[in-house]
Amino acid sequence: MSDSSSSEFRLPLEGKLAIVTGASRGIGEGIAFELARRGASVALAYTSPSSEPQVRALAERIRALPHAAPTFTVQADLATTEGPSHLIMNLQAQFRAAAHTGDGVAHPQRPFVIDILVNNAGCERVVPLGQIDVADYNEVYDVNVRGVILLTQAALPYLAAAGARVLNIGSVGARAGFQDLSLYCSSKAALEALTRCWAAELGRRGVTVNCVSPGPVQSAMLDKIPAEIVEMQKAQTPVQNRLGTIEEVARVVAALAGRDGDWISGQVVSASGGWAMY
Ligand SMILES: NC(=O)c1ccc[n+]([C@@H]2O[C@H](COP(=O)([O-])OP(=O)(O)OC[C@H]3O[C@@H](n4cnc5c(N)ncnc54)[C@H](OP(=O)(O)O)[C@@H]3O)[C@@H](O)[C@H]2O)c1
């Protein structure tokens, strides 16, 4: 039973350490802020040096919350084979240093334990089948699939003994057929299968693995999607025929990251206002 006088209702993720990849902008920025708003310490992962000011601004915004949630910032290119392990090692070093100095970590005595891993970083290429080359394939699959596998593998030894969450950010595109987006949509379909297999594999240690699949949400990525696809999706979205907001997607992720997600695993949750092609 939950104690109604506890801070669980105010800060349901207090004491948890979360990693959010692609936290510099768009949906990842929103997820990182929402997890922090609910009390988690959040590692903000990004890759482009040009994104550093945005990440620092997000860290400031989080520190300005009434509970001044601690943050870490980690730069790592998840498209490389070393990037994922570098991210975990760098974060571990920062966490230990902060725990040692007592600076910025809510519970300084805590060992390095990852409670929530949000595999959000992703990229897309708009390219017709006849023009796909190996570089296009590598660009999309190295980040959207291999990067997620290697990062989750690198995090595995540190996942909380019970109750850890792995949340993969997919896309409604995984179940759709969008012209010129076969690389992107198929990479997101792979994430759905990874989610189900890892849920089966990690369940015995109390880890849940789920996939949250957004419909279209305004972001730098959406700006590159052909306008007719986005308009078609809006027209087919039952809830108000509109785009989703970053906050709407972030709240779905944060709910699954908390105790409300205890008994949900191996699922694909569509955060899309009811959009469904198949
Ligand atoms: N927006 C939508 O409509 C929509 C719909 C369905 C699904 N999604 C999914 O939601 C997630 C976020 O999308 P978004 O729209 O917020 O995208 P976005 O604005 O383009 O942001 C992408 C993020 O991924 C990071 N990233 C890209 N390549 C990386 C790499 N090699 N290593 C590490 N990080 C990398 C970027 O970091 P830097 O800033 O450092 O480059 C950035 O933070 C993606 O997985 C996307 O597929 C989005």
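Since we're looking at a predicted model, the values are computed, not measured.

1. With respect to the nonpolar core
So, point 1. Of all hydrophobic cores here, the largest spans 37 residues; its most connected members are I19, L87 and I88.
So, point 2. Residue contributions to this core peak at 7 residues, all from helix α4 (residues 134-155).
So, point 3. With near-sequence residues (within four places) excluded, I19 lies in contact with A43, L87, I88, L91, I114, I116, L117 and V118.
So, point 4. If you look at the next biggest cluster of nonpolar residues, it comprises 34 residues, including A18, A36, V212 and I246.

2. What to know about the site of the ligand
So, point 1. Neighbouring the ligand are 31 residues, the closest being S24, S48, S51, Y184 and S219.
So, point 2. Measuring from an oxygen atom of the ligand, one finds a side-chain N or O atom of S51 at 2.6 Å.
So, point 3. Expressed as a share of its isolated accessible area of 900 Å², the protein-covered part of the ligand is 94%.
So, point 4. When atoms are counted within 2 Å of each cavity's grid points, the one that captures over half of the ligand is the largest pocket.
So, point 5. At the level of secondary structure, the elements contributing two or more residues to the shell around the ligand comprise α1 (26-37), α5 (182-202) and α6 (220-223).

3. Structural notes on the pairing of strand β6 (residues 208-214)
So, point 1. Along β6, 7 of the 7 residues are buried, which leaves the element largely enclosed by surrounding structure.
So, point 2. One ladder, built from 5 bridges, connects strand β5 (residues 165-169) with β6; its direction is parallel. Each residue of the ladder has a partner; that of N168, found in β6, is C211.
So, point 3. In this region the chain leaves β5, passes through α5 and returns to the parallel neighbour β6; the handedness of that crossover is right-handed.

4. Thoughts on α5
So, point 1. The end-to-end C-alpha separation of α5 is 30 Å, in line with the 30 Å expected for 21 residues at 1.5 Å each.
So, point 2. Within α5, the full set of buried residues consists of L183, Y184, C185, S187, K188, L191, E192, L194, T195, W198, A199 and L202.
So, point 3. Against α4, β5, β6, α6 and β7 (268-271) lie the buried residues of α5.

5. Comments concerning unusual backbone geometry
So, point 1. Non-glycine residue D180 carries a positive phi angle of around 70°.
So, point 2. Tracing the sequence through the fold places D180 in the loop between β5 and α5.
So, point 3. Its identity is not glycine, yet N241 carries a phi of approximately 45°, on the positive side.
So, point 4. When you line up the elements, N241 lands in the loop between α7 (227-235) and α8 (246-257).

6. Regarding the packing of α4 against α5
So, point 1. Put simply, α4 and α5 touch, their axes get as near as 9 Å, and they point 15° apart. Taken together, the axes of α4 and α5 are roughly parallel relative to one another. Classified by chirality, the crossing of α5 by α4 is right-handed. On the side of α4, the interface is formed by D136, Y137, V140, Y141, N144, V145, V148, I149 and T152, while α5 contributes L183, Y184, S186, S187, K188, A190, L191, L194 and W198.

Criteria and cut-off values
- Just so you know, the residues in each chain are numbered from 1, in the order the chain's sequence is written.
- For this predicted model, a pLDDT threshold of at least 70 governs which residues receive local features, and a threshold of 80 or more governs which side-chain atom pairs are given and counted, while totals over whole chains, interfaces and linings are taken from all residues.
- Excluded from the side-chain calculations are hydrogens and water; all other atoms, namely the structure's heavy atoms, are used.
- What makes a nonpolar core is a set of buried Ala, Val, Leu, Ile, Met, Phe, Trp, Tyr and Cys residues whose side-chain atoms join them at distances within 4.5 Å.
- Burial classes: relative accessible area under 20% of the type maximum marks a residue as buried, over 50% as exposed, and values in between as partly exposed (1.4 Å probe, protein chains only).
- By the criteria applied, helices consist of DSSP H or I runs no shorter than four residues and strands consist of E runs no shorter than two, each listed in order from the N terminus.
- Contact criterion: two residues are considered in contact whenever any of their non-hydrogen atoms come within 4.5 Å of each other.
- Any residue with a heavy atom lying within 4 Å of a molecule or strand is counted as near it.
- Polar contact criterion, stated in full: a pair of N or O atoms within 3.5 Å, where within protein one must be able to donate a hydrogen and the other to accept it, and residues adjacent in sequence count only if both atoms are side-chain atoms.
- A 1.4 Å probe and the Shrake-Rupley method give the accessible areas. Residues count as covered only by the protein chains that appear here.
- Buriedness for pockets is judged along seven lines, at least five of which must meet protein on both sides within 12 Å for an open set on the 1 Å grid over protein atoms alone, while cavities are sets there where a 1.4 Å probe fits but cannot get out, and lining residues have an atom within 4 Å of a point.
- Criterion for pocket placement: a molecule counts as inside a cavity or pocket if more than half of its atoms are within 2 Å of its grid points.
- Think of it this way: DSSP has to see at least two bridges between two strands before they count as a pair.
- A crossover gets the label right-handed when its path from the first strand over the helix to the second runs clockwise, viewed with the strands pointing away from the viewer.
- By definition here, a helix of n residues has an expected span of 1.5 Å times n minus one.
- Inter-axis angles, ranging from 0 to 180 degrees, are taken between N-to-C directions of lines fitted to C-alpha atoms, where helices are fitted over the stretch in contact.
- Each angle gets one of four labels, with under 35 degrees taken as roughly parallel, over 145 as roughly antiparallel, 65 to 115 as roughly perpendicular, and the rest as oblique.
- By definition, any crossing whose near helix is turned counterclockwise from its far helix by less than a right angle is left-handed, and any crossing with a clockwise turn is right-handed.

Don't take any of this as a statement about function, it's just geometry.
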